[in-house]
Every structure is written in structure tokens, then in C-alpha cells.
Amino acid sequence: MTPSTPTLLSIENLVVNFSSGRKTVHAVSGVSLQLNEGDTLGIVGESGCGKTTVGKATMQLVPSRSGSVSFDGHDLARLTRKELRRTRLGIQMIFQDPISSLNPRRKIRDIVAEPLDIWKTAEGAQREQIVRDALDNVGIDPDVALDRYPHEFSGGQCQRISIARALVMKPKVLICDEIVSALDVSVQAQILNLLQDLKARFGLSILFIAHDLAVVKNVSDRVAVMYLGRICEFAGSDELYSHPAHPYSEALLSAALEPDPSSDRSRIILTGEPPNPIDPPSGCRFRTRCPYAQDRCAEEEPVAQEISPGHSVACHFPLLRTNS
Amino acid sequence: MSLTPGLDRSASTDESALLEVCNASTTFATDRGSLRAVDDVSFVIKRGETLGIVGESGSGKTVLSRSILGLLPRSGVLQEGSIVFDGTEIVGAPDKLMRAIWGAKMAMVFQDPMASLNPVVRIGRQITESLRLHLDLDRSEAKATALSLLEQVGIPSPKERLRSYPFELSGGMRQRVMIAIALACSPKLLLADEPTTGLDVTVQAQILDLLSSLQKERHMSVILVSHDLGVVASRTDNIAVMYAGKVVEIAPTATLFSSMAMPYTKALVDSTPRLSQPSHLRLSPIEGRPPDMTTARQGCAFAPRCSFATDRCRSETPPLVTSPSNPLHRFACWNPLNSISIGESS
């Protein structure tokens, strides 16, 4: 949105379908997102909304049916396998379960050095130094950690090691998929703070995928709310959380629980659960649970419209800001 | 309540205690020595009351709820102290006695409904099982009750659902079925261990609302165990905060949040990101990690991570004392927050 910072990663009209027997699961249906340099873009939504698939399709880990992902001027889907591997080095991914993302039979030294070994970028003393620096950066003492195995570390420490491994190849973009949801709150705060520090220090851009609204708000500059394979609202994070315009964003925010018994806001409890992505509703996909749905919502698919600079919403009847 | 034939409620007065946990400890024998997962815990739950138990992973909250249920393995476990439920001592009670309590007077809802439901048995039979066993209903009565239970927990087209298998339902629906099974015999105490942890936010709110409305309707006591302060904040009468096997603070919910005394409780609240805070606000994590429970400790278990710790905290274990300002508020800290001064140790 701010023209001064160039777009680093651009997802255009991404469609990802999976086949499930004879049926088709519409996991992602026309998602467009731009990640600018130095930005953190949050994607928030409930399970099954397609947020993880967006991350995987960006990495070309799942094939997209149509649409494009361009990174640093390359359309990733059009590259050859060899070119893709080389280009994709600039994007690294970190996953939810820190313990299962580390090979239990390898020492931390070799886990963190694996990208270096694969690309033969460093050997011997230089390799050792890079690994040590990487661990240092994430707050793990290399002298203690290097010769140990993942099971000797806690979940939070394993997540730090995963981050160290992701940073070894000096990526420009980090895709973080639910990286704190398996951690205790006290440790979660450590990892979120670490992520902010690393972002500032190495000039990273981050695609942050999570279901926890408060966590996403904390780390993100801009946030996209996803529902059933589509983006329903996109805005700067403070703007989105204070003035949600899509009924789904409003309901999601009002359902979130705060550690404060006095904050009993007027809650909108949605009935039912997200429909099956095998057979999504016609028109607006949220209409089956939307308290404001009208006939038009079933007939016509709402397109994203900008309601204020940098704030777009895909709804026929967006919630208007109450001027106070 | 039509669902409680044969259950005598007249004997119990409203305000009497349903569950009394007194100096309960649970110790496991492990390869690395004995592990005291629950350490000298005492509290009382009255009829119709909800107690939230909060703590991080490894704090002992799940072992405590299993101890209350009498669901611990027979070997390698040492249980001390006493847990009296509705006049019956649970600690050391034989299985035969417990079988009359499980499901009938005390029921539970676990985190993972898929793992708790039998995947090859239809929903209907899983609900009617305990009805037929405990309440001695015949098939058609049990079926009618199961139907009304599914209605009460908000399952659409309950008649068809009785014939469904668990895999045919979504996570939220499965958790509703679990609640229906747990409530089948109108238990006096419901233990819900992380009942919404795997669920989406919008569904989580539905399930928690359902639990609290059913609780009010049936005047049931509930123990709500969660790692999430947000889950317990709005739906409990009292909250117990656990750390390293001990209850370190227990108070009426509003008191706990308005005048928390234990630095750990405050650190837990402060480390949680809030919707009301601006984005990019730096969080206050709790540095370090919980203690290794197998090694013997001196002093307060939280002292190594506490910013208020003094020498006394590292050498003497603080007892759970009653706050001078509120007799219902107890905490275990030598240097409580909000300048609450400790009188004589209880």
C-alpha cells in the first residue's frame, strides 16, 4: 500500500484445489496478497480456511491450479525445478511443531548446517562459525547445544533452533506457519519478541500465518482475514482490529477470549461451523453463518473493495464505522 | 430434571462442599527419580460452583484432575493426602467403588474428542451406554434420553446423528457429543480438561457458553482446566493457578484479576498478547523455563524466574497463606504484589 517500499513477494489470484476421491476440495479460491519489503503480513483464520495452503503454495510445495506467485521478479510456478530450488532459497519456512520439524537422530550442529551442506556453501571452520552465529542470534548457547540432540531441548528451544536453521541461508522472506501455537504463553512471548528482533536486524519480511488473533495483531503490520479459501478483509493491523468491516472479522474478534473477566464485550456468537470446502456456498462464502446476510449475498460473489486507504473488504454490506 | 430418576438431591444443601481436596500429592516413580507432579494441593469446591485451574504445560493440572477422578495407573504412583467427593474418599478407593461414581456422579470431558470417542461405535450407543448401566433405563427410554441430550447440546438433526459414527462429525460437534455423554447421568461434578483447545475461536465460544448454561441449569460443579487464562477468565467462580505441581494462588475470579498477589500469575497475564494492545507492542515473556520436577528444590519453585525473588525465596518454600484483605484469596509468596502484607503464616 505504501508505494515507497517495493513488493517482494506477490501472490496473484491463487487457486489451489485438492482432489478428495471424486470430489474437489476448494482450499484456496482466488487469493491475492502482496508482501512488501520489511513488512510482516499476517494471515488469520479458522482451521480449514486455507491459510496454511497459501503458505505452502507460495513455496510451491503444493501445486496451484491457477494464479501466480512472484518473488524477486520470478514467477515461481514457471521456473524449472533447478531454478526453483535456487530462487526459493530466499524464502524459508518454519512450522508449527518444533520437535517434529527437527530430525531426532541428528545433532543440532548438523541440523542447523544442513542447508549449508546441501548447497555446499561452507565447510569446516567456516561452516562451524556460521552455525554458531545462527544459534547465538536466536538465543541458544552454541557451546551447550551443538553436540546435543533435539529431544534434549524444550519446545521453545526447538523452535529457536528451527528459526536458526531457517536463517542460515540468509533468506529475505520467512513464512511462519503457526510457529507459536504449540508453546506455552510465557515461551510464546519469548519467540514473538525474538522474531521482531530478527526481523529488524536482518531486514526480513514475514508472512505470519496463525489462528490466534492477538498473536497476529502483535506481530503484523497488515493482516488478511481468511474464510473458506477467500480473503474477506485486509487492512493495517490496528485499523482492522479497531474497525472490522467484514461481519466475519467482527464475529471472530468478538469470540476471542481475553484474560480479563471485566472485558465482556458484546459478543456475537456465530452459529454453526464453517461449511465444507468440497461444496462451498454460492455467492459470499460466509453467508450461511452471517447475521446480516440477504438474498444478494447468495447470488453474487462480493469482490474486494477499498473502504478506506489500505483497508479492503469483500462484502456487499460492510459494517460502517460509527463516528464518535 | 427429568433425567435424574433415583438421584437424591434433597440431602445436599446448596452451599455445602462437593469436593474437598486436602494436602493432596501425587508422585510418580520415573527412571530419573521420583516426580512429584501434584504437591500438597488443597481446595474446596461447593455445589454449583466452577473452579478454573490454570497453568503451563507440566504444571500438574492434568495430573491433579486425574487424581480427583481416581484415574491414575495402579503401579508406580504414590497418592497422599485426601480427596473427598460427596462424602466418599477417592484416594485409595477400589475400582469397584469408583465404577459407581465414574459417569454417574463425576464425569469428564477431555481435550481430544476423537481420541475419547470409540471410532467404531455409533454416537447413540456411546451415549446410552452409561444411561443403561447407571440409571437402569431400557432401550427405548435410553434412546429418548440420548435424543434429548443431543438436542440440549445443540446438535442439529439429533435423530440422524444418533446413527452417525464419530468420524462423520466435525471437531466441534464431537466435543458436543462428548459433553452429552458426560452429562448423560446428571453428574454432580464435571471435569473439563482443556475442552476447547483443539477448536476454532468461534466454536470455542459456543462450547464454553454451552458448558456454562448447562451447568447453571443442572446446578452442577465444574472444574475447567486450561492453559489459557482467557478461557477461564469469564466463566469461573474461582481460579487456581498452578506452578510446578503446587497451587500458588487461588481466589474468586474477579479478585484474582483485580488484585493478584503472586508474581507468577501476573507474569502469566503479562506475557499473553491482548487484542486491546497496539500491534508491535513488546511482550513481557517469563525468562527461563519451569523447573525440572525430578530434582529436589529449595524455596519457591518460581524464584529462579521471578524478578522479585529474594534470598528468602530461594531458601524457604512459601506456604499458601490467606490474604489479609480477602479470606477467600490465598497465595504462596514471600513478596506478594499490590503490597499485600503477610500476617502470621497459616
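Before going into details, it helps to say that this report is about the structure given with it. Note that the coordinates shown come from a computational prediction; the quantities given were computed from them, not determined experimentally.

### A look at the overall build of chain A
Link 1 in the chain: Counting secondary structure elements, chain A contains 11 helices and 12 strands.
Link 2 in the chain: At 21 Å, chain A has a C-alpha radius of gyration in line with the 20 Å of a compact globule built from 324 residues.
Link 3 in the chain: A burial count over chain A gives 54% of its 324 residues as buried.
Link 4 in the chain: Looking at chain A alone, contacts between residues at least 24 apart form 63% of all its contacts between residues at least 6 apart.

### Some thoughts on a positive patch on the surface
Link 1 in the chain: On the surface, B:Arg122, B:Lys143, B:Lys159 and B:Arg163 cluster together into a patch of positive charge.
Link 2 in the chain: A residue is classified by how much of its surface remains accessible, and B:Arg122, at 31% relative accessible area, is partly exposed.

### A few points about helix H11 (residues 263-271) of chain B
Link 1 in the chain: Taken across its nine residues, H11(B) has seven buried, putting it largely inside the fold.
Link 2 in the chain: Of the positions making up H11(B), those classed as buried are B:Pro263, B:Tyr264, B:Thr265, B:Ala267, B:Leu268, B:Val269 and B:Ser271.
Link 3 in the chain: Check the buried side of H11(B) and you find it contacts helix H7 (185-202) of chain A together with strand S3 (50-54), helix H9 (229-233), strand S9 (238-243), strand S10 (246-252) and helix H10 (253-258) of chain B.

### Observations regarding the interface of chain B and chain A
Link 1 in the chain: Taken together, the contact between chain B and chain A spans 44 residues of the former and 43 residues of the latter.
Link 2 in the chain: Buried surface at the junction of chain B and chain A, summed over both partners, amounts to about 3,700 Å²; 52% is from carbon and sulfur atoms.
Link 3 in the chain: On the chain B side of the contact with chain A, B:Thr202, B:Leu275 and B:His280 bury the most area, a combined 20% of that side's loss.
Link 4 in the chain: Across the pair B:Arg274 and A:Asp260 runs a salt bridge whose closest N-O atoms are separated by 3.9 Å.
Link 5 in the chain: Inspection of the chain B/chain A interface yields 20 residue pairs in polar contact (both at pLDDT 80 or more).
Link 6 in the chain: If you list the elements that add at least two residues to the side of chain B that touches chain A, you get helix H7 (171-183), helix H8 (201-218), H9, H10 and H11 of chain B.
Link 7 in the chain: Of the residues belonging to the side of chain B that touches chain A, the class tally is 18 nonpolar, 17 polar and nine charged.

### A word on the sheet that holds strand S8 (residues 205-210) of chain A
Residue and element names in this part refer to chain A.
Link 1 in the chain: With respect to topology, eight strands assemble into an open sheet ordered S6-S7-S8-S3-S9-S10-S12-S11, the strand pairing being mixed. Each edge of the open sheet carries a strand with a single partner, namely strand S6 (91-94) and strand S11 (305-308). Sheet twist, expressed as the average angle between the axes of neighbouring strands with direction ignored, equals 20°.
Link 2 in the chain: Packed on one face of the sheet, H7 meets strand S3 (40-44), strand S7 (173-177) and S8 and runs near 160° to S8.
Link 3 in the chain: Set on the sheet, helix H10 (residues 247-255) makes contact with strand S9 (222-227) and strand S10 (230-236); between it and S9 the angle comes to about 100°.

### A few points about the sheet that holds strand S4 (residues 77-85) of chain B
Residue and element names in this part refer to chain B.
Link 1 in the chain: Here four strands make up an open sheet; going across it, the order is S2-S1-S4-S5 and the pairing antiparallel. The open sheet has two free edges, formed respectively by strand S2 (33-46) and strand S5 (88-89), since each of these has just one partner strand.
Link 2 in the chain: The sheet strands contacting helix H1 (residues 61-69) are strand S1 (17-30), S2 and S4, and the helix crosses S2 at an angle near 65°.

### Description of the pairing of S10(A)
Residues and elements named next belong to chain A.
Link 1 in the chain: Taking burial as the measure, the seven residues of S10 include six buried ones, the bulk of the element.
Link 2 in the chain: Where S9 lies against S10, six bridges are found, and the strand directions are antiparallel. Considered in S10, the bridge of Ala224 is made with Phe234.
Link 3 in the chain: From the end of S9 to the start of S10, which pair antiparallel, there are two residues, and Leu228 there has a positive phi angle of about 45°.
Link 4 in the chain: Across two bridges, the pairing between S10 and strand S12 (residues 311-313) is antiparallel. Following the sheet pairing, Phe234 is matched in S12 by Ser312.

### Observations concerning unusual backbone geometry
Link 1 in the chain: Even without being glycine, A:Gln60 reaches a positive phi, approximately 60°.
Link 2 in the chain: Turning to its location among the elements, A:Gln60 is positioned in the loop between helix H1 (51-58) and strand S4 (66-71).
Link 3 in the chain: We note that B:Asp40 has phi near 55°; this positive angle belongs to a residue other than glycine.
Link 4 in the chain: Structurally, B:Asp40 can be placed in strand S2.
Link 5 in the chain: Overall, B:Asp40 belongs to the partly exposed group, its relative accessible area being 40%.

### Focus: the packing of helix H4 (residues 123-134) of chain B against helix H5 (residues 139-152) of chain B
Relative placement of two packed helices is described by the angle separating their axes and the distance separating the axes.
All names here are of chain B.
Link 1 in the chain: Close contact between H4 and H5 brings their axes to 9 Å; oriented N to C, the two are set at 125°. In terms of orientation, H4 and H5 fall into the oblique class. The way H4 lies across H5 gives a crossing that is right-handed. Contact with H4, carried on its side by Ile127, Thr128, Leu131 and Arg132, involves Arg139, Ala142, Lys143, Thr145, Ala146, Leu149 and Leu150 of H5 and no other residues of that element.
Link 2 in the chain: Here the residues of the contact of H4 with H5 are counted per class, giving six nonpolar, two polar and three charged.

### Concerning the packing of aromatic side chains
All names here are of chain B.
Link 1 in the chain: Taken as a whole and judged by the stated rule, the model has seven aromatic pairs over all chains.
Link 2 in the chain: Where Tyr243 meets Phe302, the ring centres are 5.2 Å apart and the plane angle is 80°; that geometry is what we call edge-to-face. Taken together, the positions of Tyr243 in strand S9 and Phe302 in the loop between H11 and helix H12 (311-315) put the pair 59 residues apart, joining distant regions of the chain.
Link 3 in the chain: A relative accessible area of 3% places Tyr243 in the buried class.

### Observations concerning H7(A)
Residues and elements named next belong to chain A.
Link 1 in the chain: Over its 18 residues, H7 runs 26 Å from end to end, which matches the ideal 26 Å to within 8%, given 1.5 Å per residue.
Link 2 in the chain: Summarising burial for H7: 14 of the 18 residues are buried, a large majority.
Link 3 in the chain: Within two residues after H7, Gly203 carries a phi angle of roughly 60°, on the positive side.

### Concerning the pattern of salt bridges
All names here are of chain A.
Link 1 in the chain: Under the criterion given, the structure shown has 30 salt bridges over all chains.
Link 2 in the chain: Asp143 is the partner of Arg132 in a salt bridge, and the nearest nitrogen-oxygen pair spans 3.0 Å. In this pair, Arg132 sits in helix H4 (residues 124-137) while Asp143 sits in helix H5 (residues 142-145), placing the two residues 11 residues apart along the sequence.
Link 3 in the chain: Classification of Asp143 by relative accessible area gives exposed; the value is 58%.
Link 4 in the chain: A single salt-bridge network, built from bridges that share partners, covers Arg109, Glu128, Arg132, Asp143 and Asp147.

The rules behind the values
- Residues numbered from 1 in each chain as written.
- Chains lettered and ligands numbered in written order.
- Predicted model: local features only at pLDDT ≥ 70, side-chain atom pairs only at ≥ 80, totals over all residues.
- Heavy atoms only, no water.
- Helix = DSSP H or I, 4+ residues; strand = E, 2+ residues; numbered from the N terminus.
- Rg over C-alpha atoms; globule rule 2.2 N^0.38 Å.
- Buried < 20%, exposed > 50% of the residue type's maximum accessible area, 1.4 Å probe, protein only.
- Contact = heavy atoms within 4.5 Å.
- Patch = residues over 30% accessible without salt bridge, like charges linked within 9 Å, V, L, I, M, F, W, Y side chains within 5 Å.
- Areas by Shrake-Rupley, 256 points an atom, 1.4 Å probe, with all protein chains shown as cover.
- Salt bridge = Lys/Arg side-chain N within 4 Å of Asp/Glu carboxyl O.
- Lys, Arg positive; Asp, Glu negative; His and termini not counted.
- Charge placed at Lys NZ, Arg CZ, Asp CG, Glu CD.
- Buried area = accessible area lost by both parts, 1.4 Å probe.
- Polar contact = N/O pair within 3.5 Å; in protein donor to acceptor, adjacent residues only side chain to side chain.
- Nonpolar A, V, L, I, M, F, W, Y, C, P; charged D, E, K, R; others polar.
- Pairing = 2+ DSSP bridges.
- Axes fitted to C-alpha atoms, helices over the stretch in contact; angles between N-to-C directions.
- Parallel < 35°, antiparallel > 145°, perpendicular 65-115°, else oblique.
- Left-handed = near helix turned anticlockwise from the far one by under 90°.
- Phe/Tyr/Trp six-rings, centres within 6.5 Å; stacked < 30°, edge-to-face > 60°.
- Expected span 1.5 Å × (residues − 1).

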